[in-house]
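A look at the structure
Listed here are the chains, written in short residue letters.
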Amino acid sequence: MWIFDRLTIRIFTIFFLTIAFFLMLVMLLPNFDSRNLTYLANKEKDSGNLLAKQIEKELVNVPKNSFRWWMRFIVVMDNYQKPGQFLFIVTPNEQIITADSNHIDLVKNFNEKSHNVNDPAKKIYDSQEIIGPFLIHYTDQDYQLYILQSASDIQSQFANLVFDHPFLLLSLTMLASSPFLLWLSWSIAKPARRLKKAADRVAKGNLQEWPELEQIGSSEYKATGSSFNHMLRELKRMQELQQQLLSDISHELRTPLTRLQLATSLLRRKQGESKEVVRINSEALKLDSMIGDLLSLARQQYDNNEVRELKQIDVLFKSVLDNAVFEAEQIGKKFTIEHIPTNITILCYPDALCSALENVIRNAFRYSRSEIEVNFAVNQHSLTITIDDDGLGVQHDELEQIFRPFYRTSEARDRESGGTGLGLAIVSNSVTRDNGTVKAEKSHLGGLRIVIVLPIYKY
Ligand SMILES: Nc1ncnc2c1ncn2[C@@H]1O[C@H](COP(=O)(O)OP(=O)(O)OP(=O)(O)O)[C@@H](O)[C@H]1O
Ligand SMILES: [Mg+2]
């Protein structure tokens, strides 16, 4: 029914039913206590009346108000008493005649509750029960017969305890119902957990849609799910627009730049080498490489023509690491590689991932003083690559920002040499695309440490 599809109605119904259930329980349960006064079924009534009639017949022989007339009553009762039974007769002036003086109080108590001979009742006292009253007619007056006998059904001690302590009963019911209520709350909150999972994924940069969010849970959740997916579509569209723009701009810039370079070489041929021309040429080259980086960043995010492949780590990174070793020798810096794993496979875009590692190593070469360390560590689900250097490092509050496109720390900006600030943006992009993470922290060597974590592929 559509109305139950609403969270508000669902929660209300659950509250309402639970409270109604507990109220009913508290109100109805005492009625099930077998120690309550219950009225006799016809069969019991008949047998009691029969007994009363028999005694009545005998009593005719007892003259009214004769000496010790009540003693003779006892004798008559004694004749009709079955083993385990005790009979009591209540006189019109509320006196009790019996051979069993021990239970007079019980009978008195019962007599207060049940004194209508037309509606005899039964009540259990511990292991005994009293039945009555049954009418005995004697000398024009009404006497009442009560029977005390051992109880036919004895309620267990535990049930007695529960019935005598309503609070205990309530606690027991709550205890018994808590798994059910827990399950209920869990199932109501289930779509919220899914939503959180989806939001976490989005926060990590995965803009894939979640159609199941629009199908499960109450209507409120479904509506949220569909807004969520709508938001994802919009985000994706905006991202694509932005990338398209980036790629268009860099592409358009290329043309005048090429003309500029052409003009410079013409100028060089005409006027020969001069300081200004060299400067123009080097700036043009720098601009060219910047545009190249921009284009590759845009292309990487935009068109996914590249395919994901399963690659073994040592094979994948071999050429990058070999080149780095060679380069380190050329520039005279110490470069060490530790624990490169064999037999570990990851699913990745190989070219992009290789160029990511290369970018990080190149930064380390550029910003280090004399030492660079690359370390591999494998645990159950992931591979961690750390790249350490002994340079100046990056201020704590800039550790996250260096992954933003064009971001360069002030020290780097002051330097003559250096790039455009796109390298780490490209790294972050390719690592997240392979479901990995990348972050920067302080290195034990004193400079910067870049940590790349990638999920291991399990066959
Ligand atoms: N190993 C490092 N030590 C100190 N600072 C670093 C290191 N790596 C990166 N940085 C800082 O982070 C900034 C961003 O790095 P990123 O690689 O994105 O750009 P870049 O190296 O300046 O230029 P590009 O890589 O595009 O040629 C750098 O400008 C630099 O300030
Ligand atoms: Mg760089």
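Residues numbered from 1 in each chain as written. Chains lettered and ligands numbered in written order. Predicted model: local features only at pLDDT ≥ 70, side-chain atom pairs only at ≥ 80, totals over all residues. Heavy atoms only, no water.

1. Observations regarding helix α13 (residues 423–433)
- With respect to burial, α13 is a largely interior element, 9 of its 11 residues being buried.
- A positive backbone phi angle near 65° is found at asparagine 435, which sits one or two residues after α13. (Buried < 20%, exposed > 50% of the residue type's maximum accessible area, 1.4 Å probe, protein only. Helix = DSSP H or I, 4+ residues; strand = E, 2+ residues; numbered from the N terminus.)

2. Some thoughts on the site of ligand 1
- What surrounds ligand 1 is a group of 20 residues, the closest being Asn363, Asp389, Thr409, Leu422 and Leu424.
- For ligand 1, an oxygen atom lies 3.1 Å from a polar atom in the side chain of arginine 408.
- Taken by itself ligand 1 offers 590 Å² of open surface, and the protein chains cover 95% of this.
- Given that more than half its atoms are within 2 Å of the pocket grid, ligand 1 belongs to the second largest pocket.
- Listed by contribution, the elements that provide at least two residues to the shell around ligand 1 are α11 (350–367) and α13.
- Counting residues per element, the shell around ligand 1 draws most heavily on α11, at 4 residues.
- Of the residues contributing to the shell around ligand 1, the split by class is 9 nonpolar, 7 polar and 4 charged. (Near = heavy atom within 4 Å. Polar contact = N/O pair within 3.5 Å; in protein donor to acceptor, adjacent residues only side chain to side chain. Areas by Shrake-Rupley, 256 points an atom, 1.4 Å probe, with all protein chains shown as cover. 1 Å grid on protein atoms, 1.4 Å probe; cavity = no way out; pocket = protein on both sides within 12 Å on 5 of 7 lines; lining within 4 Å. Sits in = over half its atoms within 2 Å of the grid points. Nonpolar A, V, L, I, M, F, W, Y, C, P; charged D, E, K, R; others polar.)

3. Description of the domain arrangement of the protein
- Each domain of the protein was delimited in the assignment, giving domain 1 (34–154), domain 2 (211–302) and domain 3 (309–455).
- One C-alpha centre belongs to domain 2, the other to domain 3, and the line joining them spans 23 Å.
- Listed by partner, the interface residues are 8 residues for domain 2 and 12 residues for domain 3.
- For the pair domain 2 and domain 3, the summed buried surface comes to about 890 Å²; carbon and sulfur atoms form 59% of the total.
- Run the count over domain 2 and domain 3 and you get 0 salt bridges. (Domains from an automatic or database assignment. Contact = heavy atoms within 4.5 Å. Buried area = accessible area lost by both parts, 1.4 Å probe. Salt bridge = Lys/Arg side-chain N within 4 Å of Asp/Glu carboxyl O.)

4. A look at the layout of surface pockets
- If you add up the space inside the largest pocket, you get close to 1,300 Å³.
- Along the wall of the largest pocket there are 39 residues; nearest its centre are Gly205, Asn206, Gln239, Asn429 and Thr432.
- Those elements that place two or more of their residues in the lining of the largest pocket are α6 (166–203), α7 (219–271), α8 (275–302), α13 and β12 (437–442).
- Grouping the constituent residues of the lining of the largest pocket by class yields 15 nonpolar, 15 polar and 9 charged. (Points joined across faces, edges and corners; volume = space filled by probe spheres on them.)

5. Details of the pairing of strand β10 (residues 371–378)
- One ladder, built from 5 bridges, connects strand β8 (residues 334–338) with β10; its direction is parallel. Counted as the bridge partner of lysine 334 is glutamate 371 from β10.
- In the sheet, β10 pairs with strand β11 (residues 382–389) via 7 bridges, with the strands oriented antiparallel. The partner of isoleucine 372 across the bridge, within β11, is aspartate 389.
- Where β10 folds back on β11, the antiparallel hairpin that results is connected by 3 residues. (Pairing = 2+ DSSP bridges.)

6. Thoughts on the nonpolar core
- Ranked by size, the top nonpolar core spans 39 residues in total, and within it Phe317, Ile361, Ile385, Ile387 and Ile450 carry the most contacts.
- Looking at this core element by element, the count peaks at 8 residues for α11.
- Dropping the residues within four chain positions of it, isoleucine 450 is found in contact with Val360, Ile385, Thr386, Ile387, Phe403, Leu424, Val438, Lys439 and Ala440.
- Leu51, Ile131, Tyr143 and Leu145 belong to the second largest nonpolar core, which has 21 residues in total. (Core = buried A, V, L, I, M, F, W, Y, C linked by side-chain atoms within 4.5 Å.)

7. Regarding the pattern of salt bridges
- Applying the stated rule across the entire model yields 17 salt bridges.
- In this structure, glutamate 273 and arginine 268 form a salt bridge, with 2.8 Å as the shortest nitrogen-oxygen distance.
- The salt bridge partner of aspartate 388 is arginine 449, with a shortest N-O separation of 2.9 Å. Placement of the pair is aspartate 388 in strand β11 and arginine 449 in strand β13 (residues 448–455), with a sequence separation of 61 residues.

8. Some points on the side chain of aspartate 434
- With respect to the secondary-structure elements, aspartate 434 resides in the loop between α13 and β12.
- Beyond its immediate sequence surroundings of up to four residues, aspartate 434 is in contact with Arg308, Leu347, Cys348, Tyr349, Leu353, Leu454 and Pro455.

9. Things to note about the sheet that holds β8
- If you walk across this open sheet you meet the 5 strands as β8-β10-β11-β13-β12, and the pairing is mixed. The open sheet has two edge strands, β8 and β12, and neither has a second partner. Adjacent strand axes in the sheet meet at a mean angle of 15°, parallel and antiparallel pairs treated alike.
- As paired strands, β11 and β13 are joined by 7 bridges and run antiparallel to one another. Considered in β13, the bridge of leucine 383 is made with leucine 454.
- Sitting on the sheet, helix α10 (residues 318–331) touches β8 and β10, and the angle it makes with β8 is about 155°.
- In the packing of α11 onto the sheet, contacts are made with β8, β10, β11 and β13, and the angle to β11 comes to roughly 25°. (Axes fitted to C-alpha atoms, helices over the stretch in contact; angles between N-to-C directions.)

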